[in-house]
Amino acid sequence: MAKFPEIKVPAALTFAGLVLGFAAGLMLQGTALLDSVLAFAEPAGKLWLRALQLTILPLVIGLVYTGISQTLAAAGGGKLARRAVTLFFCVLLATGTMAALLVPALLELFPIPPRAVAALGGAGADAGKVPGFSEILLAMMPDNIFAAAASGAMLPLVLFVSVLAVAATRIAEVPRRHLAVVFEGLAAAMMVVIGWVLMLAPIGVFGLAAALAASSGTDAISALAHYILVVSAAGAVVMLGGYGIAVLIARQPLGAFARAMLPVQAVALSTQSSLACLPAMLAATRRLGVREATADFVLPLAVAIFRGTSPAMNMGVAIYAAYLTGTPLSPLVLAIGVVVAFLVSLSSVSLPGTLSFVISVGPIANAMGVPIAPLALLVAVEILPDLMRTLGNVTMDVAVTAAVDKGRE
């Protein structure tokens, strides 16, 4: 597996920047001091957003290639590995599809407050124009891949890099390894750069929040609270799906599985890291009677290349941003989002939640034609949905491990 530099993301400080920005914008409304604060806050927020957008494309290219290469290599590791990777793929596609159906339904039942849409959404993106089938096909196959990269067209780039990673498995080992090193190096270097950008997130988010609060009051705050609940609901369904897999496929008693997961979920809430939960997950599989040989192989593999909640919650974020900006979503556009969510989920493993949010949701939103500007503020509250991400991931990791072990019988 590729080794990437450890990136420290100031998630708590970013959230604090959001709170302070809202507080400053609200308290200074109608005062002479507001113009002086906004003279700094607005440019700071816009510059940080541009820096964030600048780093996404090259980082996604490096990580998608590396993630797919690692997954294909793992699948070639024997019958147990193929069974595990196949189940991973099925779960990821199923959870993304679930979110494409659930989140729009939730937003129809519990709409975003109209004033919150006006505050947080900004200008719509070709509202009312739904791309047709032929338009999407042409977007997937541009005349020039470098022109697509220059224009920031994420869908053809993700598909092209995915095909390239698959094709590389058919060439000789030495050039294949050299090609992998190039993409690993690109991903590693860009992770350092985006780490620098995210270190400035408290300042950038403060600027965006202060300007937003000054113009919209408390309306944006209600949108963020609504967003947290909707996206977390998608993650909660994935977590419940883990219980379903444990009972229906792994044939585990529901009570026994729930009791085994309690210590794991306690660690997940305290650390927000699947990797940190690995010892507790191994202990849970022992209590469930899973073979040591299976658990010792499948669980580390799951932590390395599998994030059960990623397609669902990332699709949830992209769909929420679409509703904020008035971007129409046809069934075909949602299907494209599910495919891209599946592909990028293989590339965002073992990364901090905030960093994973940036590199995963951006390509999905771009492929669906959704403006990514709202993501700059949504990332500031990712510390809260990330709790559900980790809970869902560790529950699904243990469930699929038990299911793979059951399949060996």
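Everything that follows concerns the structure shown earlier in this document.
Residues numbered from 1 in each chain as written. Predicted model: local features only at pLDDT ≥ 70, side-chain atom pairs only at ≥ 80, totals over all residues. Heavy atoms only, no water.

Below, the discussion takes up the overall build of the protein chain. From N to C terminus, the protein chain includes 18 helices and zero strands. In the protein chain, which comprises 409 residues, the share counted as buried stands at 54%. Taking the intrachain contacts of the protein chain between residues at least 6 apart in sequence as the baseline, contacts between residues at least 24 apart amount to 86%. A total accessible area of about 16900 Å² is found for the protein chain, and carbon and sulfur atoms account for 70% of it. (Helix = DSSP H or I, 4+ residues; strand = E, 2+ residues; numbered from the N terminus. Buried < 20%, exposed > 50% of the residue type's maximum accessible area, 1.4 Å probe, protein only. Contact = heavy atoms within 4.5 Å. Areas by Shrake-Rupley, 256 points an atom, 1.4 Å probe, with all protein chains shown as cover.)

We now examine helix α9 (residues 201–216). Think of an α-helix as 3.6 residues a turn; residues three or four steps apart then line up on the same face. An ideal rise of 1.5 Å per residue puts 22 Å on 16 residues; α9 measures up with 21 Å between its terminal C-alpha atoms. Within α9, 13 of the 16 residues are buried, which leaves it mostly tucked inside the rest of the structure. (Expected span 1.5 Å × (residues − 1).)

Attention now moves to the packing of helix α12 (residues 278–287) against helix α13 (residues 292–305). α13 packs onto α12 with a crossing angle of 145° between their chain directions and a minimal axis gap of 10 Å. The two elements α12 and α13 meet at a crossing, and its hand is right-handed. Packed against α12, whose contacting residues are L278, M281, L282, T285 and R286, the element α13 presents E292, A295, D296, L299, P300 and V303 at the interface. Within the contact of α12 with α13, the residues separate by chemical class into seven nonpolar, one polar and three charged. (Axes fitted to C-alpha atoms, helices over the stretch in contact; angles between N-to-C directions. Left-handed = near helix turned anticlockwise from the far one by under 90°. Nonpolar A, V, L, I, M, F, W, Y, C, P; charged D, E, K, R; others polar.)

To continue, consider the environment of G195. Summarising the element assignment, G195 is placed in helix α8 (residues 173–199). Owing to a relative accessible area of 5%, G195 belongs among the buried residues under this scheme. Along the sequence, G195 and L52 sit 143 residues apart, while their C-alpha atoms lie 10.0 Å from each other.

A surface patch of nonpolar side chains, amounting to about 300 Å² of accessible area, comprises F40, L200 and I203. In this structure, I203 sits in helix α9. Look at I203 and you get partly exposed, because its relative accessible area is 45%. (Patch = residues over 30% accessible without salt bridge, like charges linked within 9 Å, V, L, I, M, F, W, Y side chains within 5 Å. Salt bridge = Lys/Arg side-chain N within 4 Å of Asp/Glu carboxyl O.)

Among all residues save glycine, negative phi is the norm, and among peptide bonds the norm is trans. Of note, R251 is a non-glycine position whose phi angle comes to about 60°, a positive value. Positionally, R251 belongs in the loop between α10 (219–248) and α11 (254–271). Here R251 falls in the exposed class, since its relative accessible area comes to 56%.

Looking now at the side chain of S345. Note on placement: S345 falls in helix α15 (residues 331–345). S345 gets classed as buried once you look at its relative accessible area, which sits at 1%. If near-sequence neighbours (up to four positions away) are discounted, S345 is found in contact with L92, S310 and P311.

Right, let's get into the pattern of salt bridges. Charged atoms that come close allow side chains of opposite charge to pair. Applying the stated criterion across every chain, the model contains five salt bridges. Residue E382 pairs with R389 through a salt bridge whose shortest N-O separation is 2.6 Å. What emerges from the salt-bridge pattern is a single network uniting R286, E292 and D296.

Let us look at the packing of aromatic side chains. Evaluated as defined, the whole model comprises five aromatic pairs. Arranged with centres 4.5 Å apart and planes meeting at 10°, the rings of F88 and F306 form a pair that is stacked. Note that F88 is positioned in helix α3 (residues 79–109) and F306 in the loop between α13 and α14 (310–325), a separation of 218 residues in sequence. Its relative accessible area of 1% is what places F88 among the buried residues. Relative accessible area serves as the criterion here: at 0%, F306 is assigned to the buried category. An angle of 90° between the planes, with centres 5.2 Å apart, marks the rings of F89 and F342 as edge-to-face. Here the residue F89 occupies a position in helix α3, and F342 occupies one in helix α15, the gap between them amounting to 253 residues. (Phe/Tyr/Trp six-rings, centres within 6.5 Å; stacked < 30°, edge-to-face > 60°.)

Time to look at the nonpolar core. Core analysis: the biggest nonpolar cluster contains 133 residues, and W48 and M315 have the highest contact counts within it. Setting aside its immediate chain neighbours within four residues, M315 contacts G96, A99, A100, S310, L334, G337, V338, A341, I364 and M368. (Core = buried A, V, L, I, M, F, W, Y, C linked by side-chain atoms within 4.5 Å.)

Turning next to the packing of α10 against α14. It is at 8 Å that the axes of α10 and α14 come closest, and there the two elements cross at 150°. The orientation of α10 with respect to α14, classified from their angle, is roughly antiparallel. α14 is crossed by α10, and the crossing has right-handed handedness. Here α10 contributes A223, H226, Y227, V230, V231, S232, A234, G235 and V238 to the contact with α14, which in turn contributes A312, M313, G316, V317 and Y320. Residues of the contact of α10 with α14, tallied by class, amount to ten nonpolar, four polar and no charged. (Parallel < 35°, antiparallel > 145°, perpendicular 65-115°, else oblique.)

Inspection of the secondary structure assignment puts V298 in helix α13. Residue V298 is classed as buried on the basis of its relative accessible area, which comes to 0%. Excluding residues within four positions of it along the chain, V298 makes contact with L80, A84, F88, T401 and V404.

This paragraph deals with the side chain of T285. Considering the arrangement of structural elements, one finds T285 in helix α12. Filtering out sequence-adjacent residues up to four positions away, T285 remains in contact with V290, A295, L299, V398 and T401.

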